[in-house]
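# A closer look at the structure
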Amino acid sequence: MFTCLGVFSQDKEVKTTRVKRSRVIEVIGGKPFELHPVKAGQTLYAISKAYETPINEIILVNPFLIDGLRVADTLKIPSKKAMRRITKDKHVEYKDTLIIHIVERGQTVYSLSKDYAVTEEQIYNANPESNKRIKLGQELKIPISVIVNNKYLNLPEYTRPKFMSDELSIDSLIEDTVTYNIALMLPLYLSDNDSMKKFERISNEEQIYYKSEGALDFYEGVLFAVDSVNKLGMNARMFVYDTNADPMDIEGILEEPEMKLMDLIVGFGPEYISQITAFGERNNIHVVSPISSQNRVLLGKSNTSKVISSPTVHLKKIASYVARSYDGSNIVIFYNDHMLEHERAMLLAEDLKKIRQAYRDTLGITVSNSITDSIHIMAIDFHDQKKGLAIRRALSDTLRNIVIIPSEDQPFVTVVMTELFANCEKYDLKVFGMQKWKRYHNIDIEYYHKLDLHIPAPTFLSENSESVIKFKNDFKQEFKSYPNKVAMMGFDVAFYYFSLLYNHGHDIVNEIENVKHNGVLNSFDFYKTGFDSGYENRSVSLLRYVDYRLTRVE
């Protein structure tokens, strides 16, 4: 059973006024209030600013304030956000409790039924005077079931979380039964969004803050995965935190007391992942980095795993494929006169030799002192006017030429590909490049096609497979639109790690290397990168341009 606890946002106004917004919402007399415990040094003015509620409205529902504000007082704050932050349980019998909702622009009875987890019919029944039509500014009665002053929401079945705040008691997170606590730290930028109904997809005109899109898509995929994991009978609570991609906000989230009780943290966004991985290492909590490709996030972080493979892993994939598939070919590595690329070229050459020899040993083939054993490594100075001649000297007239270019330097790649294309009619050529080349729009796709370009990729989507088609259709039924690749990644990451928790408990680091999985977009095959370092996913597909489109080779 998954229990979802909503999205926690670090409020910018709270910082400036030194008032931290409460995470407790209580329904009193059918109306929701945020409960704020007064602390030393806080003023009524600062509290009203933090909650965006006028002072007179706060005094009206807290008449004891006439005698002054005192430390340890608990204030009822009738904020508008509290109206939208109540999460209901649609699977229990409704009582007579009602919430008054003020209709906002763009809202419909359908969208409100989704927001409040009730049926449209229940809203109509509670508002017979509306004649099944609502208008801007109208007060609607919403029938809900409320657990008063709840510390967490205990749903008998998974329900999509709403954007809310909810204070959590540490005691409530410790149970006799095995229940896993999972934190998603996403740059949702809630304060920059006018509306957070992306999951409902009610209107194509609805505007979502552009920086939120990736995190929201990823979140949708996670939510969809939860339905699948629920069928396993998993008991878990999912906490969703809005990081705003702000290191100060992230630090504030990590200081929350419940964070030390997490069993898994998913940190979306490469910029500040180091803060989260350091926290995971200190507190022995496994941290997932789903989108960063850089191995530095794993250095000294034995409790971290990284889903997207690095260029080093991609080159190993190329070396393995070339050594096994093109024995006896003329293999040439072109690299730029740069320290990193020089190092990549040397490691690639070494891997080619080792893999080729190991492959021959398994087949019982012995070849020595032959031209086919040699791997040509040539540094090309493209400031040299004879660069075309240098390339032609490296290529063979009689053997197939396998050209590997381990570079992500776009100008350099453009020059090399132009020279190779000029010679593609004279030589038997196959070119192997890097993943980033897919984004190089200045290189004509005709070059890629004619040079039989192969590139590695950490993900691959088999559009026509039955499983992918079914996934897309099921996703559309749930979210009213087809998933993009970020949503698919969210699904794959959540399903893999949540299942890993369910099947192996807290011992993720000792089992992750043994658990392989093929998802919709991502596949998972982890290895430990160093004695004190974390785990990298080495699952890589090799793609090839056929008829101007990328297809999977291996």
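Structure: see above.
The paragraphs below set out a description of the structure included in this document. All chains use their own residue numbering, which begins from 1 and follows the written sequence. Local features are withheld for residues below a pLDDT of 70 in this predicted model, meaning they are given only at 70 or higher, and side-chain atom pairs are given and counted only at 80 or more; totals for whole chains, interfaces and linings count all residues. As a convention, hydrogens and water are excluded, and side-chain values are obtained from all of the structure's heavy atoms.

## Digging into the pairing of strand 10 (residues 286-289)
The side-chain alternation of strand 10 yields two buried faces, one formed by H286 and V288 and the other by V287 and S289. Two strands are said to pair when DSSP picks up at least two bridges between them. Per the convention used, a helix needs a DSSP run of H or I reaching at least four residues, while a strand needs a run of E reaching at least two, with both numbered from the N terminus. As paired strands, strand 9 (residues 264-267) and strand 10 are joined by three bridges and run parallel to one another. Bridged to L264 within strand 10 is H286. Here a crossover is taken to be right-handed if, once the strands point away from the viewer, the path from the first strand over the helix to the second is traced clockwise. Note that the unit made of strand 9, helix 9 (residues 273-282) and strand 10 has a crossover that is right-handed. Pairing of strand 10 with strand 11 (residues 304-306), which is carried by three bridges, proceeds in the parallel orientation. Counterpart to S289 in the pairing with strand 11 is K306. Only protein chains enter the calculation, and the probe is 1.4 Å; a residue is then buried if its accessible area is under 20% of its type maximum, exposed if over 50%, and partly exposed in between.

## Comments concerning the side chain of S533
For S533, the position within the fold is in the loop between strand 19 (526-528) and strand 20 (535-537). Pairing of N or O atoms within 3.5 Å defines a polar contact, subject to two protein rules: one partner must be a possible hydrogen donor and the other a possible acceptor, and residues neighboring in sequence count only if both atoms are side-chain atoms. A polar side-chain atom of S533 sits 3.2 Å from the main-chain amide nitrogen of G300. Only heavy atoms matter for contacts: two residues are in contact if any of them lie within 4.5 Å across the pair. Once residues within four sequence positions are removed from consideration, S533 is found in contact with L298, L299, G300, K301, S302 and K528.

## Description of the packing of aromatic side chains
By convention, a stacked pair of Phe, Tyr or Trp rings (six-membered ring in the case of Trp) has centres within 6.5 Å and planes under 30 degrees apart, an edge-to-face pair has planes over 60 apart, and any other such pair is tilted. Taken as a whole, this structure holds 19 aromatic pairs when the rule is applied. Geometrically, the ring pair formed by Y326 and F432 is edge-to-face, given 6.4 Å between the ring centres and 70 degrees between the ring planes. Residue Y326 is located in the loop between helix 10 (311-325) and strand 12 (330-335), and its partner F432 is located in strand 15 (residues 429-432); the two are separated by 106 residues in the primary sequence. Exposure remark for Y326: the relative accessible area of 7% places this residue in the buried category. Owing to a relative accessible area of 0%, F432 belongs among the buried residues under this scheme. Note on Y496 and F524: the rings are 4.4 Å apart at their centroids and 10 degrees apart in plane angle, and the pair reads as stacked. Of the two residues, Y496 sits in helix 16 (residues 485-504) while F524 sits in strand 18 (residues 523-524), which places them 28 residues apart along the sequence. Residues Y496 and F524 agree in their burial class; the two are buried.

## Examining unusual backbone geometry
The backbone of N244 sits at a positive phi, close to 60 degrees, despite the residue not being glycine. Note on placement: N244 falls in the loop between strand 8 (236-242) and helix 8 (247-254). Looking at N244, the relative accessible area reads 7%, which means it is buried. For A245, which is not a glycine, the phi torsion comes out positive at approximately 55 degrees. In this structure, A245 sits in the loop between strand 8 and helix 8.

## Considering the side chain of H286
Its location among the elements puts H286 in strand 10. The buried category is assigned to H286, whose relative accessible area is 3%. A polar side-chain atom of H286 sits 3.1 Å from the main-chain carbonyl oxygen of N303. Ignoring any residue separated from it by four or fewer positions in sequence, one finds H286 in contact with D263, L264, I265, N303, T304, S305, Y497, I508, V509 and I512.

## A look at the pairing of strand 16 (residues 454-457)
Every regular strand shows the same layout, with side chains that alternate between the two sheet faces. In strand 16, alternate side chains face the same way, and those of H454 and P456 on one face and I455 and A457 on the other are all buried. Pairing between strand 16 and strand 21 (residues 541-546): four bridges, direction antiparallel. Across the sheet, the residue bridging to P456 is L542, located in strand 21.

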